[in-house]
Structure formats: structure tokens, C-alpha cells
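# Fold and geometry: a report
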Amino acid sequence: MVKFMQRYMVNNSKLELDISDKKHIINVMRMKVNEKFQIVYDKKVYTCLIEYIDKKDLKYKVVNIEECNQDKQIRVIIASS
């Protein structure tokens, strides 16, 4: 079974998560130290490792960077009855 990582979008080059994303990681996903998640920024996917986590904040480091492949052709069909 393939396990997918949580993915968050940011709007800053420092790759800082906003408060709502941090709350989601801490309270909803209940992630722990040494777990990974991904940040998407500027057509790149950054895999991050949690180094520290408490009730209101977390610290993480980037462990891998991948370019997003924009050449995929995705076809979506939506049908309603």
C-alpha cells in the first residue's frame, strides 16, 4: 500500500507554513517528530522532516527537493445525473 504525504502550499520563499497549516499538522494529522510532509512552492515540491513539535508550533527541515512535472496531460470528466 502506498502512503501519501500531506502536502501544503506556501506563498513565501522561506517555506514558512501559516498558522492554520501548523494547527492542521499538530491537531488534525497528529504528526510526530521524524514524520514527513511536503510543501509546494514555485513549481517545486519540498519534502520536509519534522524536527520539533509541541502544542502550538513545529520546526522542520527540507530533506528533498523535486521539480513538478508540468507535462502531464490530465483529462477530467465530470458527469451529473
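Residues numbered from 1 in each chain as written. Predicted model: local features only at pLDDT ≥ 70, side-chain atom pairs only at ≥ 80, totals over all residues. Heavy atoms only, no water.

## Considerations on a nonpolar patch on the surface
Side chains of I74, V76 and I78 sit close together on the surface and give an oily, nonpolar patch of about 400 Å² of accessible area. As for its placement among the helices and strands, I78 is situated in the segment after β4 (58–67). (Patch = residues over 30% accessible without salt bridge, like charges linked within 9 Å, V, L, I, M, F, W, Y side chains within 5 Å. Areas by Shrake-Rupley, 256 points an atom, 1.4 Å probe, with all protein chains shown as cover. Salt bridge = Lys/Arg side-chain N within 4 Å of Asp/Glu carboxyl O. Helix = DSSP H or I, 4+ residues; strand = E, 2+ residues; numbered from the N terminus.)

## A few points about unusual backbone geometry
Glycine aside, residues mostly have negative phi angles, and peptide bonds mostly take the trans form. A positive phi angle, near 50°, is found at R30, a position not held by glycine. When you line up the elements, R30 lands in the loop between α1 (19–28) and β2 (36–41). Positive phi, normally seen in glycine, also occurs at K43, with a value near 60°. As for its placement among the helices and strands, K43 is situated in the loop between β2 and β3 (44–53). The exposed category is assigned to K43, whose relative accessible area is 58%. (Buried < 20%, exposed > 50% of the residue type's maximum accessible area, 1.4 Å probe, protein only.)

## Some details on the nonpolar core
Of all hydrophobic cores here, the largest spans 13 residues; its most connected members are L17, I25, F37, I39, I50 and L58. Elements represented by at least two residues in this core include exactly α1, β2 and β3. Ranked by residues supplied to this core, first place goes to β3 with three residues. Here L58 is in contact with K22, I25, I26, F37, I50, Y52 and I53, once residues within four sequence places are set aside. (Core = buried A, V, L, I, M, F, W, Y, C linked by side-chain atoms within 4.5 Å. Contact = heavy atoms within 4.5 Å.)

## Here we look at the side chain of Q38
Note on placement: Q38 falls in strand β2. Side chain to side chain, Q38 and R7 meet in a polar contact 2.9 Å long. (Polar contact = N/O pair within 3.5 Å; in protein donor to acceptor, adjacent residues only side chain to side chain.)

## Observations regarding the pairing of β3
Here β2 pairs with β3 via six bridges, running antiparallel. If you follow Y41 over to β3, its bridge partner there is K44. The antiparallel hairpin formed by β2 and β3 contains two residues in its connecting segment, where D42 sits at a positive phi of about 50°. In terms of strand pairing, β3 meets β4 through nine bridges, oriented antiparallel. Looking across to β4, one finds that I50 is bridged to Y60. Remark: four residues form the turn of the hairpin made by β3 and β4, two consecutive strands paired antiparallel. (Pairing = 2+ DSSP bridges.)

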